[in-house]
Amino acid sequence: MRIAAAMFPVAALWLSHPEDSGAGRIAEPARASTETSSLELARAVIEETCWQCHNDAALVGNMSLDAFDIGAAQNDAPLAEKMIRKLRAGMMPPPGVPRPSEEGLQALMNELETQLDEAAERRPNPGRRTFQRLNRAEYAASIHDLLALDIDAGDYLPLDTKSANFDNIADAQLLSATLMEGYLRAASELTRLALGDPNATPREATYRVTRWASQTEQVEGAPYGTRGGISVTHNFPADGEYLFRVSFHHETTGALHGSAPAILHTSADNPEQIEISVNGERVALLDIDRWMHVSDPNGVNLRTEPVFVRAGTQRVAAAFIRKFEGPVQDLIAPHDWSIASTSIADAYGMTSLPHLMDLAITGPYHATGVSETGSRRKIFTCRPVSAEDESPCAREIISRLGSQAYRRPLSASELEPLMSLYEVGKEQGGFESGVRTALEGILASPHFVFRFEEPPASAEDGEAYRLGELDLAARLSFFLWGTGPDEELVAPAREGVLAEPGALEAQVRRMLADPRSKALATRFAAQWLRLQDLEPMHPDVRLYPDYHEQLKNSMRRETELFFENLIREDENVLGLLEASYTFLDERLARHYGIPGVTGHDFRRVAYPDGRRSGLLGHGSILTMTSHASRTSPVLRGKWVMEVLLGSPPPPPPPNVPELEASGDVEDGRLLSVREQLEKHRSDPACHSCHRVIDPIGLALENFDATGAWRIRDNGVPIDTSGELYDGTPLKSPSDLKDALLVRSTSFIRTFTENLMAYALGRRVEYYDMPAIRKIERDASRDDNRISAFILGVVKSPAFHMKAAMVDEPTTANGSH
């Protein structure tokens, strides 16, 4: 037994890895002809295969099945769920271990699932979570809905903590003095911006342009005929004069980057110019002095004269006047990333242009009042014509805004304190000041910042209870829209009919058809697929000079639009793996080598060949699972196992050497990534894990570190051949896709788990798995349409109910 433990350590690591959160299967199970024969087959598999490693003597992976009774699997549900997960994904038994018959494996999986599902039906556990608070994205969306004000919540709130992939998991949303101060500061500042402040004092706001942004093309939101620069929405607090400052990138010597007149269209008499515009209207045009230097009194900065701007949200752009059109006659082909290097900006044969580094807006000076704005129109739905009208009008405004902010009608005990705040503000500055004070109280209230789901007074400890209808409406809205409910959703909840199946399904379908459902793509899908890992990815400019910020943004947008289309067209979720189309703009299509796509608008494009399909062909996924200087089959394989199959590999043992960042050398040549991996896994400590991870990633080696197709790596022809952990041969990305489709249930359950975790705002536990299997089975009868999964989650007991109190929760991997 000890020998078996030493031979197969990876088996135990997979079964006991604390990040396990999914389940899968190779094919749809087929029940044995009788209950007795199925149980006997299952027991035989455990006795003849599983016990060889997992027993009290060997204790491989610190796990023993000696006390596990397959006839009463529900008595150790956490362990049984881990077994199901790996068996369905085909990862158990591990490579090198004789496999039982498929009939026996199917019987074992069936027995485990059937017993756990029947036990859950007899004694359902909807789970529980604490209150949730609005995270950054939800806060910004709620402020937009409430005040018609677009903000960056990161200006006020600290980063959100993530758990189980998502930033809305309740028990990870810890409170701190810094966080509460942020909410209070935001309440004060946002009410000032929404109503305007004629007494505002000058402040400076700075908007930066990342050095990774290429500035040869027009920026979205900037006027036509411009290139580069920046376009932002800025909230002006009052009518008055504002100053605009622009700073430029400079060379390592301190001189202005792009100072050489490399193109004939610029000269001393016709210099480069930068335009400042407000809502598309030019307010300043500044000539750029090509001799500017950081040592000058003003550095590499230009400033406008005072410019009068009205209060409210305005679009401000600082962009260069386009001086030329067409190809550039460089001795060296121009890079797509136009500021790849500031140290060679004046090199012969290189065309370099000035690049904006940041835009600063300072003001107001000489404020003259506050013009009517969208936010003011949203707030002041009535206007008092006399002193007697002020209090009733204020009550109407505060009641309406408070009900929307609290996501339910205000009670008298809640409205009166807000009216008291109004009276305090009114004494200090009149009607509008009173409304602002009350509104600040609304935004600072726990009823706005937190999402409480109060149990009924009759609920006892451990008892499951149904959510109130208004709480259900809020939970549904934040799930599908990432913001609070609208009146059309609140109305049936107020009437007590929202939870009825027909009414609930009608609301779900209405909400999915609403443009606000794009939050499922930008919030749920982006976090499940870990698109945030793309943000810090900057491939080596010497190897990938055509990779820049706009290309990165296009990659992310491709994936979001792809998922958004899945919802809009209500397609089969397996399209995430096998779709033969994607969404591209000209920039990304050129990067992929796909002709016939022009312009900045994204459109649906069919792949011209079988190289790409589904998510595994997206540049976002391929780039974020690479290193700056090379691809990483390990990261790509790990991402597939963890994100798509829900079965992450074990962490590497300590002191394992890394692959050379810039490539290993042998016999005077650089080794390919595959050759480096073969050397790396020759170490016995590395072999057991890499034999499982590497073939998945190597199947994607034709895609370089930026997702572009290639046929060589360091001059060596790409070799994508390998063998999946269960013996399935892999020779191409298409083979990997087919292998994942064979394990489609594993993928579908992982998708459902993540969808449920995001919807519930808590981690999925072992006792949730029977509900997930039910959702999967029901959805399969509806062609796996994404609406079937969303409706399955929304109709599940866990979405409608929660427990008042339970014993210490046990996670899906059995830990406390």
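Note that the structure is predicted; figures quoted are calculated from it, not measured.

Q: Hey, could you run me through the overall build of the protein chain in this one?
A: The helix and strand inventory of the protein chain stands at 28 helices and 21 strands. In the protein chain, once contacts between residues fewer than 6 apart in sequence are set aside, the share between residues at least 24 apart is 74%. With an accessible surface of roughly 34,700 Å², the protein chain has 52% of that area assigned to carbon and sulfur atoms.

Q: Explanation requested: the packing of helix α13 (residues 469-480) against helix α15 (residues 501-513) in the structure shown.
A: For any two helices packed against each other, one specifies the inter-axial angle together with the distance between the axes. Contact geometry for α13 and α15: axes closest at 11 Å, N-to-C directions at 30°. On the basis of their axis angle, the class for α13 and α15 is roughly parallel. Handedness of the crossing formed by α13 with α15: right-handed. Residue-level inspection shows Leu-476, Ser-477 and Leu-480 of α13 in contact with α15, the latter providing Leu-504, Val-508, Met-511 and Leu-512. Each residue belonging to the contact of α13 with α15 can be placed in one class, and the counts come to six nonpolar, one polar and no charged.

Q: Any chance you could explain the environment of Glu-189 here in plain terms?
A: Note on placement: Glu-189 falls in helix α7 (residues 177-195). Note on Glu-189: relative accessible area 14%, which makes it buried. For the pair Glu-189 and Pro-237, spaced 48 residues apart in sequence, the C-alpha to C-alpha distance is 9.9 Å. Setting aside its immediate chain neighbours within four residues, Glu-189 contacts Tyr-156 and Arg-203.

Q: I would appreciate a short explanation of the packing of aromatic side chains in the present structure.
A: The geometry of an aromatic ring pair is captured by the separation of the ring centres together with the interplanar angle, meaning the angle of the planes. Under the counting rule described, the total for this entry stands at 25 aromatic pairs. Ring centres 5.7 Å apart and planes at 55° place the aromatic pair Tyr-139 and Tyr-183 in the tilted group. Note that Tyr-139 is positioned in helix α6 (residues 136-147) and Tyr-183 in helix α7, a separation of 44 residues in sequence. Note on accessibility: Tyr-139 and Tyr-183 belong to one class, buried.

Q: What is the right way to read the nonpolar core from this model?
A: General note: in soluble globular proteins, nonpolar side chains tend to be found buried as a group. Core analysis: the biggest nonpolar cluster contains 99 residues, and Phe-479 and Phe-563 have the highest contact counts within it. The residues contacting Phe-563, other than those within four sequence positions of it, are Leu-520, Ala-521, Phe-524, Ala-525, Leu-576, Phe-751 and Ile-786. Ile-379, Ala-405, Leu-415 and Met-419 belong to the second largest nonpolar core, which has 44 residues in total.

Q: Please clarify how the pattern of salt bridges should be interpreted in this entry.
A: Any two side chains of opposite charge can pair if their charged atoms end up close together. Taken as a whole, this structure holds 57 salt bridges when the rule is applied. Between Arg-376 and Glu-372 there is a salt bridge; the shortest N-O distance is 3.6 Å. With its nearest N and O atoms 3.6 Å apart, the salt bridge here joins Lys-552 to Glu-549. Separated by three residues within a single helix, Lys-552 and Glu-549 lie in helix α17 (residues 549-568), roughly one turn from each other. No difference in accessibility class separates Lys-552 from Glu-549, as the two residues are buried. Look at the salt bridges and you will find they share partners, linking Asp-486, Glu-488, Arg-510, Asp-514 and Arg-516 into a network.

Q: Please explain helix α4 (residues 77-88) as it appears in this structure.
A: Every α-helix carries 3.6 residues per turn, so stepping three or four residues along brings you back to the same face. Under the 1.5 Å per step criterion, the end-to-end length of α4 is 16 Å for twelve residues, consistent within 8% with the ideal 16 Å. With twelve of twelve residues buried, α4 is to be regarded as a mostly interior element. Within α4 the residues assigned to the buried category are Ala-77, Pro-78, Leu-79, Ala-80, Glu-81, Lys-82, Met-83, Ile-84, Arg-85, Lys-86, Leu-87 and Arg-88.

Q: How should the side chain of His-548 be read in this particular structure?
A: Its location among the elements puts His-548 in the loop between α16 (519-528) and α17. Among the polar contacts listed, one links the side chain of His-548 to the side chain of Gln-550, at a separation of 3.1 Å. If sequence neighbours within four positions are ignored, His-548 has contacts with Trp-212, Ser-214, Asp-336, Trp-337 and Arg-587.

Q: Would you take a moment to explain the confidence of the model for the protein chain for this structure?
A: Detailed conclusions should not be drawn from predicted coordinates in areas where pLDDT is low. Confidence in the prediction of the protein chain, expressed as mean pLDDT, is 88, and 88% of residues score 70 or more. Segment residues 1-36 is flagged for pLDDT under 50; beyond a separation of four residues in sequence, or across chains, it makes 115 contacts in the model. Ignoring residues within four places in sequence, the model shows residues 806-816, a span with pLDDT below 50, making 25 contacts including any to other chains.

Q: Any chance you could explain the sheet that holds strand β3 (residues 226-236) here in plain terms?
A: Hydrogen bonds between backbone groups are what pair the strands of a sheet, and the pairing can be parallel or antiparallel. An order of β3-β9-β5-β6 is seen for the four strands of this open sheet, with the pairing classed as antiparallel. Where the open sheet ends on each side, the last strands, each with one partner, are β3 and β6 (281-287). Strand-to-strand twist across the sheet, computed as the mean angle between neighbouring axes with direction ignored, equals 20°. Where strand β5 (residues 273-278) meets β6, six bridges bridge the pair, whose relative direction is antiparallel. Paired with Ile-274 across the strands is Leu-286, a residue of β6.

Q: Can you walk me through the state of the cysteines in this structure?
A: Put plainly, a disulfide is one covalent bond tying together the sulfur atoms of two cysteines. According to the stated counting rule, one finds one disulfide in the structure shown. Put simply, Cys-382 and Cys-393 are joined by a disulfide, and their sulfur atoms are 2.0 Å apart. Here Cys-382 and Cys-393 share a disulfide; its torsion about the S-S bond, 110°, makes the bridge right-handed. Residue Cys-382 is found in the loop between α8 (374-379) and α9 (387-406), and its partner Cys-393 is found in helix α9; the two are separated by eleven residues along the sequence. Taken individually, Cys-382 and Cys-393 each receive the classification buried, so the pair is uniform in this respect. This cysteine, Cys-50, is not joined by any disulfide, and Cys-53 carries the nearest cysteine sulfur, 9.0 Å off. Accessibility expressed as a relative area gives 9% for Cys-53, which makes it buried.

Q: Can you walk me through the packing of α13 against helix α27 (residues 786-795) in this structure?
A: Close contact between α13 and α27 brings their axes to 12 Å; oriented N to C, the two are set at 150°. Our classification of the angle between α13 and α27 gives roughly antiparallel. Judged by the twist between their axes, the crossing of α13 over α27 is right-handed. Side by side, α13 and α27 meet where Leu-476, Phe-479 and Leu-480 of the first sit next to Ile-790, Val-793 and Val-794 of the second.

Q: How do you make sense of unusual backbone geometry when you look at a structure like this?
A: For residues besides glycine, phi is generally negative; the peptide bonds are generally trans as well. The linkage connecting Met-92 with the following residue, Pro-93, adopts the cis geometry, with an omega of -5°. Here Pro-93 shows up in the loop between α4 and α5 (102-122). For the bond from Gly-363 to Pro-364, the omega torsion is 5°, close enough to zero to count as cis. You can see Pro-364 is positioned in strand β10 (residues 356-369).

Q: Sorry, what's going on with the environment of Glu-500 here?
A: Checked against the element boundaries, Glu-500 lands in the loop between α14 (487-495) and α15. Overall, Glu-500 belongs to the partly exposed group, its relative accessible area being 45%. The sequence separation of Glu-500 and Lys-795 amounts to 295 residues, and the corresponding C-alpha distance is 9.9 Å.

Calculation criteria
- Throughout this document, residue positions are counted from 1 along each chain, in the order its sequence is written.
- Thresholds applied to this predicted model are a pLDDT of at least 70 for local features of residues and 80 or more for the giving and counting of side-chain atom pairs; totals over whole chains, interfaces and linings are not thresholded and use all residues.
- As a rule here, side-chain values come from all non-hydrogen atoms in the structure, and water together with hydrogens is ignored.
- Think of it this way: any DSSP run of H or I at least four residues long counts as a helix, any run of E at least two long counts as a strand, and we number them from the N terminus.
- Contact definition: two residues touch when any of their heavy atoms are within 4.5 Å.
- The Shrake-Rupley method, run with a 1.4 Å probe, gives the accessible areas here. Residue values count only the displayed protein chains as cover.
- The axes used here are C-alpha line fits, helices contributing only the stretch in contact, and every angle between their N-to-C directions lies in the interval 0 to 180 degrees.
- Working rule for angles: under 35 degrees goes down as roughly parallel, over 145 as roughly antiparallel, 65 to 115 as roughly perpendicular, anything else as oblique.
- By convention the crossing between two helices is left-handed if the near helix lies anticlockwise of the far one by an angle smaller than a right angle, and right-handed if it lies clockwise.
- Classes in brief: Ala, Val, Leu, Ile, Met, Phe, Trp, Tyr, Cys and Pro nonpolar; Asp, Glu, Lys and Arg charged; the others, Gly included, polar.
- A simple rule labels every residue: compare its accessible area, found with a 1.4 Å probe on the protein chains alone, to the largest value its type can have, and call it buried under 20%, exposed over 50%, or partly exposed in between.
- A pair of Phe, Tyr and Trp rings is counted when the ring centres sit within 6.5 Å of each other, with Trp represented by its six-membered ring. The angle between the planes then sorts it: under 30 degrees is stacked, over 60 is edge-to-face, the rest tilted.
- Nonpolar cores are built from buried Ala, Val, Leu, Ile, Met, Phe, Trp, Tyr and Cys residues. Side-chain atoms within 4.5 Å join them into one set.
- One side-chain nitrogen of Lys or Arg within 4 Å of one carboxyl oxygen of Asp or Glu is enough to make a salt bridge.
- In this scheme, a helix's expected span is set at 1.5 Å multiplied by one less than its residue total.
- Identification of polar contacts relies on pairs of N or O atoms within 3.5 Å, with a donor-acceptor requirement for protein atoms, meaning one able to donate a hydrogen and the other able to accept it, and with residues adjacent in sequence counted only if both atoms are side-chain atoms.
- One confidence number per residue, pLDDT, is output by the predictor and ranges from 0 to 100.
- At least two DSSP bridges between two strands are required for those strands to pair.
- In plain terms, two cysteine sulfur atoms within 2.5 Å form what is called a disulfide here.

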